[in-house]
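Observations on the model geometry
Chain by chain, the residues run as shown.
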Amino acid sequence: KNGNPVAENFQVEEVNLPDNINEGQVQVRTLYLSVDPYMRCRMNEDTGTDYIMPWQLSQVVDGGGVGIIEESKHKNFTKGDFVTCFNWPWQTKVILDGNSLEKVDPQLVDGHLSYFLGAIGMPGLTSLIGVQEKGHITAGSNQTMVVSGAAGACGSLAGQIGHLMGCSRVVGICGTHEKCLFLTSELGFDAAINYKKENVAERLRELCPAGVDVYFDNVGGDISDTVISQMNQNSHIILCGQISQYNKDVPYPPPLPPAVEAIRKEKNITRERFLVFNYKDKFESGILQLSQWFKEGKLKIKETMINGLENMGAAFQSMMTGGNTGKQIVCISEETSLKSL
């Protein structure tokens, strides 16, 4: 429960797939796999939630994946279909129950199939629905939004979505000068704070003179305590993640320090646990909205791509320590026919 995950926590093995697949099954070739902060909880015997199962020692790891069907005995899929699921085994090829898969349309992402694991997938939906449901943004009311972990998979989208939904000012917090520049020059953030080099409290006072109305929280810990201390009366925290706390044995969401909790109560700041899976009825319309914004150039998408199944552990370790800008993806096998889209 305590400690930082490292690449050596994972091991690559060669296995043989069965020669035949059964009725209802498909054989797929993996194209892309996702590594995400929530996976750190799956390295504990108890994940702390009932909707995510722990990874089992010496068993195949799983997570979000996209692949292409090579053989099908399921009525809904044919060879060449692109599919995705949330519990995709970390294998180059895999036999899956067709009922666990969802077909994806490459046209929604202009052929960038990996986007289905990021901006046009679960992180995108988390950002969009989180802002819609918990941000209480009203266009034209001069709201200021702050995003922590702002250069990550969800943060980089949430800030852009905040603007699209009507926030007049969006400020990002991240860990390098390059990321700050990326947020302001490419993603349209109004300002960015490098928490490793700058005084976050001072910079927030300068950059958010009217206080903070919406806080999209990806990190928790000291940074969040600082932001919450500068939030306005009746403001809102979108509790997306707490990556600074994932390597510690604490409940989720971690309780705020007493002094910060007192501020939260006094100012009537909402801080409710947000689970995107509680909004499945909004997934389809959300994906279409994200795709539309992407195609119109209103939503800029950034990925950090690492190649090879053998590098999954290194990619996971890097993502947990802020090595990625945008979504961290591992390319397992390219789909060459996509070049003609």
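Residues numbered from 1 in each chain as written. Predicted model: local features only at pLDDT ≥ 70, side-chain atom pairs only at ≥ 80, totals over all residues. Heavy atoms only, no water.

As named in an unreviewed UniProt entry, the protein chain is Prostaglandin reductase 2, taken from Diceros bicornis minor. Heading Function (unreviewed entry) of the UniProt record for the protein chain holds this comment: "Functions as 15-oxo-prostaglandin 13-reductase and acts on 15-keto-PGE1, 15-keto-PGE2, 15-keto-PGE1-alpha and 15-keto-PGE2-alpha with highest activity towards 15-keto-PGE2. Overexpression represses transcriptional activity of PPARG and inhibits adipocyte differentiation." (UniProt positions renumbered as here; feature names shortened; annotations may be inferred.)

1. With respect to empty space enclosed by the protein
A complete count under the given rule lists one cavity of 30 Å³ or more for this structure. Roughly 50 Å³ of internal volume is contained in the largest cavity. Considering the residues around the largest cavity, the lining is formed by Gly 118, Ala 119, Ala 153, Ser 156, Leu 157, Ile 301, Lys 302 and Lys 327. Grouping the amino acids of the lining of the largest cavity by side-chain chemistry returns four nonpolar, two polar and two charged. Mapping the lining of the largest cavity onto the domain boundaries places at least three of its residues in each of domain 1 (7–118 + 301–331) and domain 2 (122–277). (1 Å grid on protein atoms, 1.4 Å probe; cavity = no way out; pocket = protein on both sides within 12 Å on 5 of 7 lines; lining within 4 Å. Points joined across faces, edges and corners; volume = space filled by probe spheres on them. Nonpolar A, V, L, I, M, F, W, Y, C, P; charged D, E, K, R; others polar. Domains from an automatic or database assignment.)

2. Observations regarding the pairing of strand E13 (residues 327–331)
Across the five residues of E13, five count as buried, placing the element largely inside the fold. The alternating pattern of E13 places Lys 327, Ile 329 and Cys 331 and Gln 328 and Val 330 on opposite faces, both of which are buried. Sheet analysis places strand E1 (residues 25–34) next to E13, joined by three bridges and oriented antiparallel. Among the inter-strand pairings, Tyr 32 is bridged to a residue of E13, identified as Cys 331. (Buried < 20%, exposed > 50% of the residue type's maximum accessible area, 1.4 Å probe, protein only. Helix = DSSP H or I, 4+ residues; strand = E, 2+ residues; numbered from the N terminus. Pairing = 2+ DSSP bridges.)

3. Some thoughts on the packing of aromatic side chains
Applying the stated criterion across every chain, the model contains nine aromatic pairs. Where Phe 10 meets Trp 55, the ring centres are 6.0 Å apart and the plane angle is 75°; that geometry is what we call edge-to-face. Taken together, the residues Phe 10 in the segment before E1 and Trp 55 in the loop between E1 and strand E2 (62–72) connect sequence positions 45 residues apart. You can call Phe 10 buried: its relative accessible area is 18%. Three or more aromatic residues joined by ring pairs make a cluster, and in this case those are Phe 10, Trp 55, Trp 90 and Phe 316. (Phe/Tyr/Trp six-rings, centres within 6.5 Å; stacked < 30°, edge-to-face > 60°.)

4. Brief notes about the pattern of salt bridges
Enumeration over the complete set of coordinates arrives at twelve salt bridges. One salt bridge connects Arg 264 with Glu 261, and the closest N-O pair in it is separated by 2.9 Å. With Arg 264 and Glu 261 both in helix H6 (residues 258–266) and three residues apart, this pair spans about one turn of that helix. The class for Arg 264 is buried, based on a relative accessible area of 18%. (Salt bridge = Lys/Arg side-chain N within 4 Å of Asp/Glu carboxyl O.)

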